[in-house]
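Read off the chains here:
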Amino acid sequence: MNKLNPMYILALMITVFIVSFVSVSNKKEEYKNSIQTYENVKMKSKDFKEYKKTWFNKNQIRRKIDNIVRNSTFRKEKILKVENSNIIKLKIESKNPRVLNKFLNKILNEKLILKKLDIQKRSISMEIGI
């Protein structure tokens, strides 16, 4: 049996060290990327939870619509409100375009899901999702 040259063993050890060092640094980068991805998903899930809490709360949506309908500027106008299981239908009729504009602005400034919006010269009708 021939003797192994110590230089070969030293070269093999250095090669293994370099390969393992590169591998570990790549894994560190992957780990940092996965942590960053996790934080992004965590923030998106919190945002989604907040959106779901505000946009899909039936009682809160009903309360917002009732407050808008009961507003003193709209009491003189003809407002029709029909509520189904998943949709609230609103229709306001007025000869005054400023009242219609104000009503539309109030509805659009709230966090509501508008399924349908129909604007006529003297009326506005809409379907709001619950």
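Note that the structure is a prediction, hence the values are computed from the model and not measured.

Asks: Which residues make up the sheet that holds strand β1 (residues 78–83), and what values go with them?
Replies: One open sheet accounts for four strands, arranged β1-β2-β4-β3; its pairing is antiparallel. Looking at which strands have only one partner, the edges of the open sheet turn out to be β1 and β3 (113–119). Put simply, the sheet's adjacent strands are angled 10° from each other on average, direction ignored. Two strands pair when backbone bridges link them, and β1 and strand β2 (residues 87–93) are joined in this way by six bridges, in the antiparallel orientation. Following the sheet pairing, valine 82 is matched in β2 by lysine 89.

Asks: An account of the pattern of salt bridges is needed here, citing residue identities and associated values.
Replies: Evaluation of the coordinates by the stated rule reveals five salt bridges. Here arginine 62 and glutamate 83 are joined by a salt bridge, their closest N and O atoms 2.3 Å apart. Taken together, the residues arginine 62 in helix α2 (residues 58–69) and glutamate 83 in strand β1 connect sequence positions 21 residues apart. For arginine 62, a relative accessible area of 25% gives the class partly exposed.

Asks: Which residues make up the environment of lysine 89, and what values do they have?
Replies: Among the secondary structure elements, lysine 89 is positioned in strand β2. The class for lysine 89 is partly exposed, based on a relative accessible area of 36%. Taking the C-alpha atoms as reference points, lysine 89 and methionine 126, 37 residues apart in sequence, are found 5.8 Å from one another. When sequence neighbours within four positions are dropped, the list of residues in contact with lysine 89 reads Leu80, Lys81, Val82, Asn84, Met126 and Glu127.

Asks: A description of the confidence of the model for the protein should follow, citing residues and the corresponding values.
Replies: Residues of the protein with pLDDT of at least 70 account for 98%, and the chain-wide mean is 89. The least confident element of the protein, judged by mean pLDDT, is α2 at 89; the most confident is helix α1 (residues 6–55) at 92.

Asks: Could you give me a rundown of the nonpolar core, with the residues and numbers involved?
Replies: Considering soluble globular proteins, one finds that nonpolar side chains tend to be buried as a cluster. Among the nonpolar cores identified, the biggest contains 17 residues, and Ile65, Leu90, Phe103, Ile107, Met126 and Ile128 are the most heavily contacted of them. At the level of secondary structure, the elements contributing two or more residues to this core comprise α2, β2, α3 (97–109) and β4 (123–129). The leading source of residues in this core is α3, at five residues. If we ignore the near neighbours within four places in the chain, the residues touching leucine 90 are Ile65, Val69, Leu80, Lys81, Phe103, Ile107, Ile124, Ser125, Met126 and Ile128.

Rules behind the numbers
Residue numbers restart at each chain and count upward from 1, following the sequence in its written direction. For a predicted model such as this one, the threshold for reporting local features is a pLDDT of at least 70, and the threshold for listing and counting side-chain atom pairs is 80 or more; totals across whole chains, interfaces and linings nevertheless cover every residue. Just so you know, side-chain values use all the structure's heavy atoms and leave hydrogens and water out. The rule for pairing is simple: two strands pair if DSSP sees at least two bridges between them. Only DSSP runs of H or I covering at least 4 residues are called helices, and only runs of E covering at least 2 are called strands; the numbering of each starts at the N terminus. Structural elements are reduced to axes, namely lines fitted to C-alpha atoms, with helices fitted over the stretch in contact, and the angle between N-to-C directions of any two is expressed from 0 to 180 degrees. Put simply, a salt bridge is a Lys or Arg side-chain nitrogen that is within 4 Å of an Asp or Glu carboxyl oxygen. Buried residues are those whose accessible area, probed at 1.4 Å on protein chains only, stays under 20% of the maximum for their type, while exposed residues exceed 50% and partly exposed ones sit between those limits. Residue contacts are defined here by distance: any two heavy atoms, one from each residue, within 4.5 Å place the two residues in contact. Confidence of the predictor at the level of single residues is given by pLDDT, which spans 0 to 100. For the purposes of this section, nonpolar cores are sets of buried Ala, Val, Leu, Ile, Met, Phe, Trp, Tyr and Cys residues that join through side-chain atoms within 4.5 Å.

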